[in-house]
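Listed below, chain by chain, are the residues.
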Amino acid sequence: SGSSSEEHGKEPPGPRPLPLLGNLLQLDLKRPYQTLCELSKKYGSVFTVHVGPRKVVVLAGYKTVKQALVNHAEEFGDRGINHMFNEINKGHGIVFANGDSWKEMRRFALTNLRDFGMGKKASEEKIIEEIRYLTEVFEEHKGKAFDTTQPINYAVSNIICSIVYGSRFEYSDPRFRRSVDQANEIIQLGGSVSIQLYNMFPWLGPLLKSRTRIIKNVTNNKEEMMELVRGLKETLNPQMCRGFVDSFLVRKQTLEESGNMNSHYHNENLIQTVANLFAAGTDTTGTTLRWGLLLMAKYPHIQDKVQEEISRVIGSRQALVEDRKNLPYTDAVIHETQRLANIVPMAIPHTTTRDITFQGYFIKKGTEVFPLLTSVLQDESEWESPHTFNPAHFLDEEGRFVKKDAFMPFSAGRRVCLGEGLARMELFLFFTSLLQRFCFSPPPGVTEDDLDLTPSLGFTLTPSPHQLCAVSRV
Ligand code: HEM
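Calculation notes
Residues numbered from 1 in each chain as written. Predicted model: local features only at pLDDT ≥ 70, side-chain atom pairs only at ≥ 80, totals over all residues. Heavy atoms only, no water. Pairing = 2+ DSSP bridges. Helix = DSSP H or I, 4+ residues; strand = E, 2+ residues; numbered from the N terminus. Contact = heavy atoms within 4.5 Å. Axes fitted to C-alpha atoms, helices over the stretch in contact; angles between N-to-C directions. Phe/Tyr/Trp six-rings, centres within 6.5 Å; stacked < 30°, edge-to-face > 60°. Buried < 20%, exposed > 50% of the residue type's maximum accessible area, 1.4 Å probe, protein only. Lys NZ or Arg CZ within 6 Å of the ring centre and 35° of its normal. Expected span 1.5 Å × (residues − 1). Arc of directions from axis to C-beta. 1 Å grid on protein atoms, 1.4 Å probe; cavity = no way out; pocket = protein on both sides within 12 Å on 5 of 7 lines; lining within 4 Å. Points joined across faces, edges and corners; volume = space filled by probe spheres on them. Nonpolar A, V, L, I, M, F, W, Y, C, P; charged D, E, K, R; others polar. Near = heavy atom within 4 Å. Polar contact = N/O pair within 3.5 Å; in protein donor to acceptor, adjacent residues only side chain to side chain.

(A) Highlighting the sheet that holds strand β1 (residues 46–51). Across the sheet, five strands lie side by side as β1-β2-β7-β4-β3; this open sheet has mixed pairing. Two strands in the sheet have a free side with no partner beyond their single neighbour: β1 and β3 (78–79). In terms of strand pairing, β1 meets strand β2 (residues 54–59) through six bridges, oriented antiparallel. Paired with V49 across the strands is V56, a residue of β2. Against the sheet, helix α2 (residues 32–43) touches β1, β2 and β7 (368–371), its axis set at about 130° to β1. Helix α3 (residues 62–71) contacts β1, β2, β4 (350–351) and β7 of the sheet and is inclined by roughly 110° relative to β2.

(B) Summary view of the packing of aromatic side chains. In this structure the tally under the stated criterion is 20 aromatic pairs. Between F248 and Y265, the aromatic rings sit 5.1 Å apart at their centres with planes inclined by 50°, giving tilted as the arrangement. With a gap of 17 residues between them, F248 in helix α11 (residues 244–257) and Y265 in the loop between α11 and α12 (267–298) connect regions that are remote in the sequence. Just as F248 is buried, Y265 falls in that class too. Between F438 and F440, the aromatic rings sit 6.2 Å apart at their centres with planes inclined by 55°, giving tilted as the arrangement. Overall, the relative accessible area of 0% leaves F438 in the buried class. F440 gets classed as buried once you look at its relative accessible area, which sits at 3%. In this arrangement the basic side chain of R168 is found over the ring face of Y133, its NZ or CZ atom lying 3.6 Å from the centre. The ring of W383 carries the charged tip of R339 above its face, separated from the ring centre by 5.2 Å.

(C) Inspection of the pairing of β1 at higher detail. When you tally the buried positions in β1, you get six out of six residues, the bulk of the element. Here β1 shows a buried face lined by V46, T48 and H50 and a second buried face lined by F47, V49 and V51. Between the end of β1 and the start of β2, which pair antiparallel, lie two residues, with G52 showing a positive phi angle near 60°.

(D) Structural detail: unusual backbone geometry. A positive phi angle is found at L20, which is not glycine, with a value near 65°. The topology assignment puts L20 in the loop between α1 (2–8) and α2. Of note, the phi angle at N342 is positive, near 50°, even though the residue is not glycine. With respect to the helices and strands, N342 occurs in the loop between α14 (328–341) and β4. By relative accessible area, which is 4% here, N342 ends up buried.

(E) Up close: helix α13 (residues 300–314). Here α13 is 15 residues long and its end C-alpha atoms lie 21 Å apart, about the 21 Å a rise of 1.5 Å per residue gives. Listed in full, the buried residues belonging to α13 are I302, Q303, V306, Q307, E309, I310 and I314. For α13, the angular spread of the buried residues around the axis is 160°, confining them to a single face. Across α13 from its buried face, at more than 90 degrees, point the exposed residues H301 and R312. Its buried side turned inward, α13 meets α12, α14, α16 (420–437) and β8 (438–441). Once α13 ends, the next one or two residues include G315, with phi positive near 60°.

(F) Summary view of empty space enclosed by the protein. Counted under the stated rule, the structure contains four cavities of 30 Å³ or more. Looking at the second largest cavity, its volume works out to about 430 Å³. Along the walls of the second largest cavity sit 25 residues, with P32, Q196, M346, F370 and F459 positioned nearest its centre. Elements with a contribution of two residues or more to the lining of the second largest cavity: α2, β1 and α9 (193–200). Taken together, the residues of the lining of the second largest cavity sort by class into 18 nonpolar, six polar and one charged.

(G) Focus on the site of the ligand. Inspection of the region around the ligand gives 27 residues, with R79, R106, H350, S411 and C417 positioned closest. A distance of 2.7 Å separates an oxygen atom of the ligand from a polar atom in the side chain of R79. One of the side-chain N or O atoms of W102 is found 2.9 Å from an oxygen atom in the ligand. Residue assignment for the shell around the ligand shows that the elements contributing at least two residues are α5 (99–116), α12 and α16. For the shell around the ligand, the element with the most residues is α12, which contributes five residues.

Take a look at the structure:
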């Protein structure tokens, strides 16, 4: 508009907005990422869309998303924090934070994930131990159909528990079950139509049941976490940290003893960072695993090939991370699952840290930006058959695994998923071990064609409710 466009060049094009509603009438709030993919066909790879009164710049396609998030990592590297998450996190923690506090918490969490989690023998052992418990639960169903959601989420959540608290919980523990179930509900409600509307028109807040429900769950979970932290504090031994919480408490104590009372190491950051690790680390990995099992039940000929490879290469012993390089087909199936499942379709909103001219368009400092990961994972110029499940996307003619640059389910750049290494280790070990022990199939009376791949609506894209049979292979 006016002088700013003359000075800086034009803003990214887009559909004409209505007052107040913006482009709301054009957006399918049940599948916003699909509307945005369609709009990009008309307006190009950088375009403006008005989400109610919020002006958002959308980045579409592999080349553009990569150019923005990687080549202009600083400019596109802040988080866009919506009303709902601001209300929950208040700028603390990692996922919905910015500035020095974000930087410090992210760095500290990464160091601790390395020490207590990924990249180390310790985390492999933790995951393998958890697989034994999960397998037991699957076996108890004796091949009868069941919903895999809870057992898988409990198993995956326990990996974060081990890293954060230093111990796992029994699946039968009612407090543990409640925390995991509630965290899951927060994430699902977080993407609901009513919360999306709340983020456009905050005055709707008091009217919305979903918001009340989210706040109640958040409060309960926070109390639970604070109690666990209190227990750890009472038994703290600075010489022997059991997990993330211990090392946070030790750092906090050290800073306080040296007279530094204004550090970022305070209780709010501790609780919100722990909550972030659970929320970001449980639902995502669990959902991806459930997509994997569902796809195996739907495509039995692919499942056969995975199982043939596992039997041939590792037989019946426990799979280890180092086996991955010898299991190219299985690895390709896991990558293809993540590509097609597309569980975080618009990443998490970013904002620009300064004015920038990008691909000839002027984008103002503080503009909200959606990196449209769907348009990368299904980019027609990068993938042979973008909309079908095709493990050959990740295999060469000799059946060797090939990396693909447009494989970007964890996003990229300054805000790239902090748990990528851990998630990849979990996906490989859980998936391989489950396929080694069980054959997955639809419930009796349901055909493979009946199995529905339409995701249900949420902050992450999860499979629609379904049951599977896990028939023991041994
Ligand atoms: C952020 C995907 C597992 C912790 C993200 C983002 C994506 C993502 C797309 C947003 C990046 C952006 O803003 O551009 C996934 C997927 C996972 C997974 C697909 C599993 C299959 C995990 C795990 C953890 C984790 C296991 C924890 C250990 C985080 C955190 C952030 C994040 C803390 C926020 C980073 C920041 O704002 O600086 N993840 N994630 N994620 N993820 Fe993950």
